[in-house]
Structure formats: C-alpha cells, structure tokens
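# Examination of the molecular architecture
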Amino acid sequence: TPIAAISPFMMQAVLAHEDAGFFHHHGFATGEIRTALVRDLAARRYVQGASTITMQLVKNLFLRREKTLARKVQEVLLTWWIERALDKARILELYLNVIEYGPRIYGIRHAAEHYFGKTPSELTPAECAYLAMILPNPKSFHEQYEAGAVPQRFLDRVAAFLRRELSKNRIDQAALDDGLAELAHFEFHREGDARTP
C-alpha cells in the first residue's frame, strides 16, 4: 500500500508509539539504547528494547529471530545501509506494509481489512491508535479480536495514548474528540459483516 493511501493517523500513531524520533535520527536512537542498556543491566535480564522503525524493518525483512552477537552486527550494518539507500518516507511505508499485526496478518492493508473491514486510508484515529498499540505483541493482543471485545482497561490506555498524541501535536483536537467518541462503542469487523461505510 503506498504511503499516500494510508491514513495519516496511522503514521502518526506508529511514530508516537514505536519511534518518536524517527525523522530525526539515522537509524539508531542512541539515547534510547543507553536507557535500555542501563535498565537491562540493572535487572540482569532483557527488560527494554531500543529498536527504531528502521531496525525493526531490517529484522522483519532480512533476519531470523535468533539473539546472537553476529545477528546484532548484521542488524546494525543493514540498518546503516537502509538509512542511506532509502528516504524516511519509503522506510516507513515498507515498515507499515511488512510488520505483523496478528497471527498471519502482515501489512497494513491486511490489518485494516481484518480488524475493521476498511482500506488503510479509511482508518480512524481510534483504530490507528489501537493498531499501533498492539504492535509490541500482536499475537497476544489478537485474543481481544477473538473474544470480540477490547477490555475497558485497554480502551483506557488507547484513550490516554490519543491524548498524548494531541499533547505532542501528532493529532488535532477534532481527531482526539472523534477518537474518544469512537472508543465508547469500539467494535471489530467480522468476516461476513457488511463493509464499514
């Protein structure tokens, strides 16, 4: 799906949730890496990651899931190369088109259709916030879809995220108001349902 055919709310939600400094770094968020390293060392285990969108794209396109030093070196080199070979809009476009949004649900077109019965350009602020917030563990969050409802505590988190987007000028007041109103009756699309107008 070309980036021009993806809701701008989706791009803003993913940037806010996954990599707020995406357009300002060159593939590596050194401050985030430092913070994650301190937390991981203090906990003596893996607690926090510091992957940028470019690093996540590299992992999804080129690398296996193994956690070895050799794979980490490959990730760094490929991230450096991608940042030099492609512009930021293209990196973001590829990322949105290859990441996993649930079991066997890859790419924004498939996710928009699966969860909401829409094209990517039709996604609303609340739907985009929801999709961005499931990204750390989409297979686990897919249980909400299977159950047919989003728990109120998660809807509250989505509402807080939308308010944070407004505070960071990623959405405007009208988008926030629409998003919060939609959360009051948030529903998933089901196969066989009429397509959402």
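The structure this text deals with has already been given above.
First, a word on scope: everything that follows refers to the structure included in this document. Not measured: the values here are computed from a predicted model.

Parameters and conventions
- Residues numbered from 1 in each chain as written.
- Predicted model: local features only at pLDDT ≥ 70, side-chain atom pairs only at ≥ 80, totals over all residues.
- Heavy atoms only, no water.
- Helix = DSSP H or I, 4+ residues; strand = E, 2+ residues; numbered from the N terminus.
- Buried < 20%, exposed > 50% of the residue type's maximum accessible area, 1.4 Å probe, protein only.
- Contact = heavy atoms within 4.5 Å.
- Areas by Shrake-Rupley, 256 points an atom, 1.4 Å probe, with all protein chains shown as cover.
- Phe/Tyr/Trp six-rings, centres within 6.5 Å; stacked < 30°, edge-to-face > 60°.
- Polar contact = N/O pair within 3.5 Å; in protein donor to acceptor, adjacent residues only side chain to side chain.
- Salt bridge = Lys/Arg side-chain N within 4 Å of Asp/Glu carboxyl O.
- Core = buried A, V, L, I, M, F, W, Y, C linked by side-chain atoms within 4.5 Å.
- Patch = residues over 30% accessible without salt bridge, like charges linked within 9 Å, V, L, I, M, F, W, Y side chains within 5 Å.

Here the focus is the overall build of the protein. Looking only at helices and strands, one finds 10 helices and two strands in the protein. Secondary structure elements of the protein occur, N-terminal to C-terminal, as α-α-α-α-α-β-β-α-α-α-α-α. A buried classification covers 45% of the 197 residues belonging to the protein. Long-range contacts, defined as pairs at least 24 residues apart, comprise 65% of the intrachain contacts of the protein with a sequence gap of at least 6. With an accessible surface of roughly 11000 Å², the protein has 55% of that area assigned to carbon and sulfur atoms.

Turning next to the packing of aromatic side chains. Given two aromatic rings, their pairing is described by the distance between the two centres and the angle made by the two planes. Under the criterion given, the structure shown has 15 aromatic pairs. For the pair Tyr115 and Tyr145, a centre-to-centre distance of 5.5 Å together with 80° between the ring planes defines the contact as edge-to-face. Placement of the pair is Tyr115 in helix H6 (residues 108–116) and Tyr145 in helix H8 (residues 138–147), with a sequence separation of 30 residues. Look at Tyr115 and you get buried, because its relative accessible area is 0%. Looking at Tyr145, the relative accessible area reads 9%, which means it is buried.

This part is about helix H5 (residues 88–98). Taken residue by residue, H5 has Lys88, Ile91, Leu92, Glu93, Leu94, Tyr95 and Leu96 as its buried positions. Packed against the buried residues of H5 are helix H1 (8–18), helix H3 (53–62), helix H4 (69–85), strand S1 (100–102) and H6. Among the residues of H5, the N-terminal cap falls to Asp87, whose side-chain oxygen and the backbone nitrogen of Ala89 are separated by 3.2 Å.

Within the secondary structure, Ala159 sits in helix H9 (residues 152–167). Look at Ala159 and you get buried, because its relative accessible area is 9%. Taking the C-alpha atoms as reference, Ala159 lies 7.5 Å from Leu183; in sequence the two are 24 residues apart.

In this section: the pattern of salt bridges. For the structure shown, the criterion picks out five salt bridges. Residue Lys139 pairs with Glu100 through a salt bridge whose shortest N-O separation is 3.8 Å. Taken together, the positions of Lys139 in helix H8 and Glu100 in strand S1 put the pair 39 residues apart, joining distant regions of the chain.

Moving on, we come to unusual backbone geometry. One non-glycine residue, Arg104, adopts positive backbone phi at about 60°. Here the phi dihedral of Asn169 falls at roughly 60°; this positive angle occurs in a residue that is not glycine. Topologically, Asn169 is positioned in the loop between H9 and helix H10 (173–183).

For the rest of this paragraph, the subject is the nonpolar core. One finds Leu96, Tyr101, Tyr115, Tyr130 and Leu131 to be the most contacted residues of the largest nonpolar core, which totals 50 residues. Secondary-structure elements contributing two or more residues to this core are H1, H3, H5, H6, helix H7 (125–133), H8, H9 and H10. It is H7 that provides the largest number of residues to this core, a total of seven residues. Once residues lying within four places of it in the same chain are set aside, the contact partners of Tyr130 are Tyr115, Phe116, Phe141, Gln144, Val150, Phe154, Val158, Phe186 and Phe188.

A surface patch of nonpolar side chains, about 440 Å² in accessible area, is lined by Leu61, Phe62, Trp80 and Trp81. Every element with two or more residues in the nonpolar patch is listed here: H3 and H4. Tracing the backbone shows Trp80 in helix H4.

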